[in-house]
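Listed below, chain by chain, are the residues.
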Amino acid sequence: MRSRTLLWWGIGMLVAATLLGAAIVFGYTEPPGFDTWWNDTVSASRSDWMLSFALLLDHIGGGWIAILLVPMLVIIALLIARRWQAAVFAAVAFLVSAGAVQLLKHLFGRARPEDMIVASDFGSFPSGHAANAATIAMVLWLVFPRVWTAILGVAWVVAMAISRTLLSVHWATDTLGGALVGAGVVLVLGAWLLPWVTRSRRDDPALTSVG
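Now for a quick tour of the structure. (Residues numbered from 1 in each chain as written. Predicted model: local features only at pLDDT ≥ 70, side-chain atom pairs only at ≥ 80, totals over all residues. Heavy atoms only, no water.)

## Let's talk about the environment of W196
Note the following rule: Put simply, DSSP marks the helices as runs of H or I at least four residues long and the strands as runs of E at least two long, and each gets a number from the N terminus on. Every residue pair with non-hydrogen atoms within 4.5 Å of one another is taken to be in contact.
With respect to the helices and strands, the residue W196 is situated in helix α8 (residues 172-202). Considered as a pair, W196 and Q85 are 111 residues apart in the sequence and their alpha carbons are 7.7 Å apart. When residues no more than four places from it in sequence are discounted, the contact partners of W196 are W84, Q85 and V88.

This is the structure in structure tokens:
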């Protein structure tokens, strides 16, 4: 995928996320109808196994595990695979994505649902868990552009998004905004760094000589 295409898709996603947040926070005094409907629907359909799974993703996708452990595991895996340039790309993406999420959280200051099951930090929009999941998924897809990475990435983001609404710590639009931010940041950075990542790999004699 060409750098210009990545750039415009990434910018489009970031603009869409920002406009979505602005429309919700400044255009509504109450949560939009879709958010209310979805929150009521998932609240009525909760089961023990759903809550257990959502709580597991809450721990994996937030706190020090999401901020340090998961990114470090991805970076270490890339280093083990002898993809140090990709590891640098991933590290930058994690940092910028987290910063963008916090910027929008403090810009919009959206209130969370009142029936939260677990405690969470300031700002409901966008979802940091969904953004982190999308960041991981998009980094891995750009580094390993395969059908299986795309399928697993989409499944991971959707599962994380649903888990956040199951716990009532986010509105559905928060998770959409988070996914847009996470994916958008990676695409914009990919437009800048991915040519270096792929070119460095092609120029590595130890890798090009294999096979």
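From this point, the discussion proceeds with the structure in view.
## Re the nonpolar core
To keep things clear, this is the line we draw: To qualify as a nonpolar core, a set must consist of buried Ala, Val, Leu, Ile, Met, Phe, Trp, Tyr and Cys residues joined through side-chain atoms within 4.5 Å. Working definition: with a 1.4 Å probe on protein chains only, accessible area under 20% of the residue-type maximum means buried, over 50% means exposed, and in between means partly exposed.
Among the nonpolar cores identified, the biggest contains 43 residues, and L78, F89, L142, V181 and V186 are the most heavily contacted of them. Looking at this core, the elements that each hand over two or more residues are α1 (3-27), α4 (63-80), α5 (84-108), α6 (128-143), α7 (147-166) and α8. When residues of this core are assigned to their parent elements, the largest contribution, 12 residues, is made by α8. For L78, the residues in contact, after removing those within four places along its chain, are R83, W84, A86, A87, A90, V143 and F144.

## Looking at the packing of aromatic side chains
Using the following cut-off: In this analysis, rings of Phe, Tyr and Trp, with Trp reduced to its six-membered ring, are considered paired at centre separations within 6.5 Å, and the interplanar angle assigns stacked below 30 degrees, edge-to-face beyond 60, and tilted for intermediate values.
A full pass over the atoms with the stated rule returns 5 aromatic pairs. Ring centres 5.4 Å apart and planes at 75 degrees place the aromatic pair W84 and W196 in the edge-to-face group. Taken together, the residues span a long stretch of sequence, with W84 in helix α5 and W196 in helix α8 at a distance of 112 residues. Residue class for W84 comes out partly exposed when judged on its relative accessible area of 48%.

## Considering α1
Definition in use: Expected span, for any helix, means 1.5 Å times one less than how many residues it has.
Taking 1.5 Å of rise per residue, 25 residues should cover 36 Å, and α1 covers 35 Å from first to last C-alpha, within 8% of that figure. What α1 keeps buried is the set L6, G10, M13, A17, G21 and I24.

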